[in-house]
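# Summary of structural features
Here is how the chains run, residue by residue.
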Amino acid sequence: MASKVVRKLPDDLKLGVATAAFQIEGAWSEADKSPSIWDNFCHIPGKIKDGTTADDACKSYNFYKRDIEMLKYLGVDFYRFSISWPRILPNGFADKISESGIEYYNKLIDELLSNKIEPVVTMYHWDLPQNLQDLGGWTNPLMADWFEEYSRVLYKSFGDRIKTWITINEPKQIGLFGYGLKRFAPGINAHGIGEYIAAKNIVLAHAKAWHVYDKEFREKQKGVCGITIATDFREGATSSPADIDAGLDAIQFEVGLYAHPIFSDEGGFPDRVKRLVNKRSKEQGYPKSRLPEFTKDEIEFVKGTSDFYGFNHYSTKFYTRVGFERGMYPEPSYDDDIGAIASYLDYEQGAIPHVTVIPQGIRKALKWVKESYNNPPIMITENGYGTLGGIEDYDRISYFKKYLNCILDAIEIDHCNVLSYTAWSLMDNFEWDSGLSIKFGLFQVDYEDDRRKRTARSSAMWYRNLLSTKTLNLDHVPVLEDISF
Ligand code: NOJ
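Residues numbered from 1 in each chain as written. Predicted model: local features only at pLDDT ≥ 70, side-chain atom pairs only at ≥ 80, totals over all residues. Heavy atoms only, no water.

Take the overall build of the chain next. Broken down by element type, the chain carries 16 helices and 15 strands. In summary, the chain has a C-alpha radius of gyration of 21 Å against a globular reference of 23 Å for 485 residues, a match within 12%. Taking the principal axes of its C-alpha atoms as reference, the chain extends roughly 60 × 55 × 50 Å. Among the 485 residues that make up the chain, the fraction classed as buried is 60%. Considering only contacts in the chain between residues 6 or more positions apart, those separated by 24 or more positions represent 76%. In the structure as shown, the chain presents an accessible area of about 18000 Å², 51% of it carried by carbon and sulfur atoms. Taken as two groups, the 58 positive and 69 negative side-chain charges of the chain have centres that lie 2 Å from each other. (Helix = DSSP H or I, 4+ residues; strand = E, 2+ residues; numbered from the N terminus. Rg over C-alpha atoms; globule rule 2.2 N^0.38 Å. Buried < 20%, exposed > 50% of the residue type's maximum accessible area, 1.4 Å probe, protein only. Contact = heavy atoms within 4.5 Å. Areas by Shrake-Rupley, 256 points an atom, 1.4 Å probe, with all protein chains shown as cover. Lys, Arg positive; Asp, Glu negative; His and termini not counted. Charge placed at Lys NZ, Arg CZ, Asp CG, Glu CD.)

Right, dumping it as structure tokens:
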């Protein structure tokens, strides 16, 4: 099956592209918007590898209509974008709702709908209002209440037109990179502790927002609400039992920590994570495990609170216990808790390591989700390839082809219930701690140009062809045309 050169996509598989507010909008201090943690973080010298900021980014706040022209050119079924919390609620809290913020997203949503493009909204793609960070951000258990209030404002304001809500994008990256490793905003150095507290509060915040939708809005608005989890695959580096076991531990740390409380029958954090963090905590002299517990009520409250599994996937890492020694990683820490060494083996790494091309990993990850969580409907909410630039991006096309081929295997052979596929990203944008230098776009963005000219790459032509034929042709190489917006 995998060797077929031309494969029809399922008729009902929806195809789209994604972006996120902070990465594209710019207008960081426009009207009454307050700074987000990322606005502040990227203004600190040394935090962003290429020294850039997202103050202007792609200027989509001004040029969203051109983004929609690009979406029309591609012929997508839907557009996944995110809403900036501090643009809607400048105080973080729901005491003050910004009229101009609401107006901006109303215009964007209405323009999409009038062009027959379905808007798919992420409520939180990492740009927390700084005011809430000053109160502890995701380490404060009250965040769940504040997120609930924010979600209610969004359902009330936009829910008449939004039928797919994604509460939170990639909890691991928020918690581990933001509160454990200092790589991401807010840059807190509390490894082995901060990421676990954040994990619990993020999961509870998601569940609260889902319950609000379910109780107060679903009947009338008739949409769905779920969470997106980074589901890169993790497996043993060799077939030795110790390495296989390390792989099984690692996938629970990577994915299960967030998915198990929501999607499993038993709920709560996964046993493997509980066992390992508890053991290390004891050895380190902590009176209690560094991993917080969910109460019985919380376990019940969280279970089953996602109408679909939002699945982001880029690559696979391999784990071995051979050569692992205590002291290799800071203590306490997430990596030390896993107790194994991770690598991409000898797969050739891309411009950013997490796009190392390992297509069979996406099939394994989809199957793992199916088998672990009772075959949930899966929306692939991100998949894509980052480069250092270039208009004729055959490496990106090759990545997409290989990954889609494996997704089709997952659908046809493993019977995974995949509803949609989303390419990351519509255009180049601010790639977090890598700044503007890493390019994920089907469209290139000229940051030197005041109007941020967007030029179609070969991959834009390729994706357009995929969408119009609904066929994956592994041999198809598009001819580059001169198209810009
Ligand atoms: C996942 C994140 O959701 C997105 O914001 C990021 O740009 C991509 N990965 C690529 O790294």
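Resuming the write-up.
Near the ligand you find 13 residues, and of these Gln23, Asn169, His354, Glu382 and Glu431 are the closest. Here an oxygen atom of the ligand and a side-chain polar atom of tryptophan 424 are 3.3 Å apart. Within the side chain of tryptophan 432, a nitrogen or oxygen atom sits 2.8 Å from an oxygen atom of the ligand. Its free accessible area being 300 Å², the ligand has 96% of it covered by the protein chains. Class assignment for the residues of the shell around the ligand results in five nonpolar, five polar and three charged. (Near = heavy atom within 4 Å. Polar contact = N/O pair within 3.5 Å; in protein donor to acceptor, adjacent residues only side chain to side chain. Nonpolar A, V, L, I, M, F, W, Y, C, P; charged D, E, K, R; others polar.)

Right, let's talk about the pattern of salt bridges for a bit. Tallied over the full model, the rule gives 40 salt bridges. For the salt bridge of lysine 59 with aspartate 450, the shortest nitrogen-to-oxygen distance reads 3.8 Å. Taken together, the residues lysine 59 in the loop between helix 2 (37-42) and helix 3 (60-74) and aspartate 450 in the loop between strand 13 (443-445) and strand 14 (454-456) connect sequence positions 391 residues apart. Exposure remark for lysine 59: the relative accessible area of 17% places this residue in the buried category. (Salt bridge = Lys/Arg side-chain N within 4 Å of Asp/Glu carboxyl O.)

Next up on the list: the sheet that holds strand 6 (residues 224-230). Ordered in space as 2-3-4-5-6-8-11-12, the eight strands form a closed barrel in which the pairing is parallel. Here the strands of the sheet are splayed against their neighbours by 25° on average, with no regard to which way each runs. Relative to strand 12 (residues 418-424), strand 11 (residues 378-382) runs parallel, the two being bridged by three bridges. If you follow isoleucine 378 over to strand 12, its bridge partner there is valine 418. (Pairing = 2+ DSSP bridges. Axes fitted to C-alpha atoms, helices over the stretch in contact; angles between N-to-C directions.)

Whether parallel or antiparallel, the strands of a sheet pair through hydrogen bonds between backbone atoms. One open sheet accounts for three strands, arranged 7-9-10; its pairing is mixed. Edge positions in the sheet fall to strand 7 (233-236) and strand 10 (341-343), since each of these pairs with one other strand and no more. For this sheet, the mean inter-axis angle between neighbouring strands, taken without regard to orientation, is 30°. Pairing analysis gives three bridges linking strand 9 (residues 316-320) to strand 10, with the strands arranged antiparallel. Paired with tyrosine 319 across the strands is alanine 342, a residue of strand 10. Of the strands in this sheet, strand 7 and strand 9 are in contact with helix 10 (residues 241-263), which crosses strand 7 at around 160°.

All right, on to the pairing of strand 8 (residues 309-312) then. Side chains Tyr309 and Phe311 of strand 8 all project onto a buried face; the interleaved residues Gly310 and Asn312 project onto the opposite face, where all are buried too. Where strand 6 meets strand 8, four bridges bridge the pair, whose relative direction is parallel. Of the residues in strand 8, the one forming a bridge with isoleucine 229 is phenylalanine 311. Judged from the four bridges that link them, strand 8 and strand 11 form a sheet pairing that is parallel. Each bridged residue has a counterpart across the sheet, and for phenylalanine 311 the counterpart in strand 11 is isoleucine 380.

Another point: the side chain of arginine 457. Secondary-structure assignment places arginine 457 in the loop between strand 14 and helix 16 (458-469). The contacts of arginine 457, once residues within four sequence positions are left out, are Gly389, Gly390, Ile391, Asp393, Arg396, Asp428, Lys439, Gly441, Leu442, Phe443, Gln444 and Leu480.

In total, this model carries 45 aromatic pairs according to the counting rule given. Ring geometry for tryptophan 126 against phenylalanine 184: centres 5.3 Å apart, planes inclined by 45°, an arrangement best described as tilted. Taken together, the residues tryptophan 126 in the loop between strand 4 (118-124) and helix 6 (130-134) and phenylalanine 184 in the loop between helix 8 (171-180) and helix 9 (194-221) connect sequence positions 58 residues apart. Given the relative accessible area of 6%, phenylalanine 184 is considered buried. Aromatic ring contacts, followed pair by pair, group Phe22, Trp38, Phe41, Trp126, Phe177, Phe184, Phe430 and Trp432 into a single cluster. Here arginine 183 stacks its cationic end above the ring of phenylalanine 177, 4.3 Å away from the centre of that ring. Its guanidinium or amino end placed over the ring of phenylalanine 63, arginine 451 lies 5.7 Å from that ring's centre, counting from NZ or CZ. (Phe/Tyr/Trp six-rings, centres within 6.5 Å; stacked < 30°, edge-to-face > 60°. Lys NZ or Arg CZ within 6 Å of the ring centre and 35° of its normal.)

Helix length check: helix 11 (residues 271-283), at 13 residues, gives a terminal C-alpha distance of 18 Å against a target of 18 Å (1.5 Å per residue), a fit within 8%. Three or more residues of helix 11 are buried, namely Val273, Leu276, Val277, Arg280 and Ser281. End-on view of helix 11: buried residues confined to an arc of 130°, all on one side of the axis. Seen from the buried face of helix 11, the exposed residues on the opposite side, beyond 90 degrees, are Arg275 and Lys282. (Expected span 1.5 Å × (residues − 1). Arc of directions from axis to C-beta.)

To continue, consider the packing of helix 8 against helix 9. Taken N-terminus to C-terminus, the directions of helix 8 and helix 9 make an angle of 145°; their axes are 8 Å apart at the nearest point. As helix 8 packs across helix 9, the resulting crossing turns out to be right-handed. Together, Pro171, Ile174, Gly175, Leu176, Tyr179 and Gly180 of helix 8 and Gly194, Glu195, Ala198 and Ile202 of helix 9 make up the contact between the two elements. (Left-handed = near helix turned anticlockwise from the far one by under 90°.)

Taken as a whole and assessed by the stated rule, the structure comprises zero disulfides. Cysteine cysteine 58 remains unbridged, with the sulfur of cysteine 42 as its closest cysteine sulfur at 13 Å. According to the relative accessible area criterion, cysteine 58 is buried, its value standing at 0%. (Disulfide = S-S within 2.5 Å.)

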